[in-house]
Amino acid sequence: RVGYLLGRAELIKTLESQLTDYRIPALTEQIALAALSDEQHLAWVRDASATAREVITQGLSKHAWLQVYPSEANFLLVRITDGKRKAKPIAAALLERGIKIKTFTNLPGYNFEDLFRVTIGLPEENRFFVEMFDDAVASGV
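Given the structure is predicted, the values throughout are model-derived calculations rather than measurements.

Procedures and definitions
Residues numbered from 1 in each chain as written. Predicted model: local features only at pLDDT ≥ 70, side-chain atom pairs only at ≥ 80, totals over all residues. Heavy atoms only, no water. Helix = DSSP H or I, 4+ residues; strand = E, 2+ residues; numbered from the N terminus. Rg over C-alpha atoms; globule rule 2.2 N^0.38 Å. Buried < 20%, exposed > 50% of the residue type's maximum accessible area, 1.4 Å probe, protein only. Contact = heavy atoms within 4.5 Å. Areas by Shrake-Rupley, 256 points an atom, 1.4 Å probe, with all protein chains shown as cover. Lys, Arg positive; Asp, Glu negative; His and termini not counted. Charge placed at Lys NZ, Arg CZ, Asp CG, Glu CD. Axes fitted to C-alpha atoms, helices over the stretch in contact; angles between N-to-C directions. Parallel < 35°, antiparallel > 145°, perpendicular 65-115°, else oblique. Left-handed = near helix turned anticlockwise from the far one by under 90°. Pairing = 2+ DSSP bridges. Salt bridge = Lys/Arg side-chain N within 4 Å of Asp/Glu carboxyl O.

Draft legend 1. Structural context of the overall build of the protein chain. A count of helical and extended segments in the protein chain gives 5 helices and 4 strands. Along the protein chain, helices (α) and strands (β) appear in the sequence α-α-α-β-β-α-β-β-α when read from the amino end. Over its C-alpha atoms the protein chain spans a radius of gyration of 18 Å, topping by over 25% the 14 Å that the globule rule assigns to 141 residues. Structurally, the protein chain occupies a C-alpha span of about 50 × 40 × 25 Å along its principal axes. Out of the 141 residues belonging to the protein chain, those deemed buried represent 26%. Within the protein chain, contacts between residues separated by at least 24 positions form 51% of all contacts whose residues are at least 6 apart in sequence. Surface summary for the protein chain: the accessible area is close to 10,300 Å², and the carbon and sulfur share equals 57%. Averaging the locations of the 17 positively and 18 negatively charged side chains of the protein chain gives two centres separated by 7 Å.

And the structure:
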């Protein structure tokens, strides 16, 4: 797994001063650079990710009380809009079914109880997530 950071120059400079020269293993760096220079691989990743996001979006969109935000990333942000349900009980019900989703901790002045994040996976994992989500909702979550 390799990531990157975009930010204000002052923040980047501060972070740079805290990091060592060896941020990721050399092999990981070589693999990441090879993947980034392989146009076929990049096209495949983009297509597979778009398909995965669509499967989950369609599955969750069956529930009128959910808003799935558009994404170009490997995850989807979802808002619960009915004012009745909260993300943490849904996460607990999904965890009982072998699925982990990301919930958020409230901050002073900010309430995130109605938000959760779903990371896309392999096609069978995405279908399983939608199936387990529907099962959890049917159980009364």
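Anyway, onward from the coordinates.
Draft legend 2. A look at the packing of helix α3 (residues 39-61) against helix α5 (residues 123-138). At their nearest, the axes of α3 and α5 sit 9 Å apart, and the two run at 10° to each other. The angle between α3 and α5 places the two elements in the roughly parallel class. At the point where α3 passes α5, the crossing takes the right-handed sense. Where α3 abuts α5, its residues Ala 52, Val 55, Ile 56, Gly 59 and Leu 60 lie against Asn 126, Phe 129, Val 130, Phe 133 and Asp 134.

Draft legend 3. Focus on the sheet that holds strand β4 (residues 115-119). The strand order across the open sheet formed by 4 strands is β1-β2-β4-β3, and the pairing between neighbours is antiparallel. Bordering the open sheet on either side are β1 (66-68) and β3 (102-103), each of which pairs with just one other strand. One ladder, built from 5 bridges, connects strand β2 (residues 75-80) with β4; its direction is antiparallel. The partner of Arg 79 across the bridge, within β4, is Leu 115.

Draft legend 4. Looking closely at the pattern of salt bridges. What the rule picks out here adds up to 6 salt bridges. The partner of Glu 72 in a salt bridge is Arg 53, and the shortest N-O contact between them spans 3.9 Å. Here Glu 72 is found in the loop between β1 and β2, whereas its partner Arg 53 is found in helix α3, with 19 residues between them in sequence. Look at Glu 72 and you get exposed, because its relative accessible area is 74%.

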